[in-house]
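Fold and geometry: a report
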Amino acid sequence: MMNKPGRKGLTRLWDATRYSRKGLSAAWQHEEAFRQEVTLALILFPSAFWLGQTALERIALIIPVVLVVIVELINSAIEAAIDRIGTEKHPLSGQAKDIGSAAVLMSLLLCLTSWGLIIVDRFF
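To keep things clear, this report deals only with the structure shown in the data block. Numbering of residues begins from 1 in every chain and follows the order in which that chain's sequence is written. Side-chain atom pairs in this predicted model are given and counted only at pLDDT of 80 or more, local residue features only at pLDDT of at least 70, and totals for whole chains, interfaces and linings cover all residues. Based on all heavy atoms of the structure, the side-chain values leave hydrogens and waters out of the count.

**Overview of the environment of Leu51**
Looking at where Leu51 falls in the secondary structure, it is placed in helix α2 (residues 32-51). Linking Leu51 and Phe123, residues 72 residues apart in sequence, is a C-alpha distance of 9.9 Å. The contact criterion used throughout is that any non-hydrogen atoms of two residues lie within 4.5 Å. Not counting residues up to four positions away in its chain, the partners in contact with Leu51 are Glu57, Leu61, Trp115, Ile118, Ile119, Arg122 and Phe123. In this text, helices come from DSSP runs of H or I with a minimum length of four residues, and strands from runs of E with a minimum of two, each type numbered from the N-terminal end.

**What about the packing of α2 against helix α3 (residues 55-85)?**
Structural elements are reduced to axes, namely lines fitted to C-alpha atoms, with helices fitted over the stretch in contact, and the angle between N-to-C directions of any two is expressed from 0 to 180 degrees. Between α2 and α3, the shortest axis-to-axis distance is 9 Å and the interhelical angle comes to 175 degrees. The orientation of α2 with respect to α3, classified from their angle, is roughly antiparallel. The residues of α3 that touch α2, namely those facing Ala33, Phe34, Glu37, Val38, Ala41, Leu44, Phe45, Ala48, Phe49 and Leu51, are Glu57, Arg58, Leu61, Ile62, Val65, Val66, Val68, Val69, Glu72 and Leu73. Class assignment for the residues of the contact of α2 with α3 results in 16 nonpolar, no polar and four charged. Orientation categories follow fixed angle ranges, with anything under 35 degrees roughly parallel, anything over 145 roughly antiparallel, 65 to 115 roughly perpendicular, and all other angles oblique. In this classification, the charged set is Asp, Glu, Lys and Arg, the nonpolar set is Ala, Val, Leu, Ile, Met, Phe, Trp, Tyr, Cys and Pro, and all remaining amino acids, among them Gly, are polar.

**Observations concerning the nonpolar core**
Formed by 14 residues in total, the largest nonpolar core has its most connected members in Phe34, Leu51, Leu61, Val65, Val69, Cys111 and Trp115. Per-element tally for this core: the top contributor is α2, with six residues. With near-sequence residues (within four places) excluded, Cys111 lies in contact with Pro64, Val65 and Val68. Among the buried residues, those of types Ala, Val, Leu, Ile, Met, Phe, Trp, Tyr and Cys that are joined through side-chain atoms within 4.5 Å form a nonpolar core. Only protein chains enter the calculation, and the probe is 1.4 Å; a residue is then buried if its accessible area is under 20% of its type maximum, exposed if over 50%, and partly exposed in between.

**Here we look at the packing of α2 against helix α4 (residues 91-123)**
One can describe the packing of α2 onto α4 by two numbers: an axis separation of 13 Å at closest approach and a directional angle of 25 degrees. On the basis of their axis angle, the class for α2 and α4 is roughly parallel. The two elements α2 and α4 meet at a crossing, and its hand is left-handed. Packed against α2, whose contacting residues are Glu37, Leu44, Ser47, Ala48, Trp50 and Leu51, the element α4 presents Val104, Leu108, Trp115, Ile118, Ile119, Arg122 and Phe123 at the interface. Looking at the contact of α2 with α4, its residues break down into ten nonpolar, one polar and two charged. Crossings are sorted by hand: turned counterclockwise from the far helix by less than a right angle, the near helix makes the crossing left-handed, and turned clockwise it makes it right-handed.

So far we have only geometry, and geometry alone does not tell us how the molecule works.
Here's what the structure looks like:
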């Protein structure tokens with residue numbers, strides 16, 4: 001096992017929180033898709049409490065929305081790392097970006113399916 005040097009305890013937790021805040025800020029500043037998905041989440045969260053009639057339905061509506069944001073953050077991180085390596089076209093760089101994009105698409109489809117099924121069940 002590798003023993004990583006660094007801070008421990010509350011100091012490490014504080015640093016990790018600061019890094020996470022910086023990451024969220026960078027995503028907000030540089031990623032249009034992230035801003036769109038966060039805006040959508042801000043609309044869907046309260047809607048989940050109105051649409052969902054049970055705690056399980058509300059969870060089934062909220063989790064996919066959060067998952068979309070998480071997957072978008074991971075996709076943005078992949079894209080930033082690939083772009084850091086170089087701007088020249090390389091098949092593996094394109095493949096990595098395409099797979100990240102596919103992950104976002106799958107999370108969006110999951111979100112759409114969850115919301116669609118609960119909407120159909122509630123209104124039709």
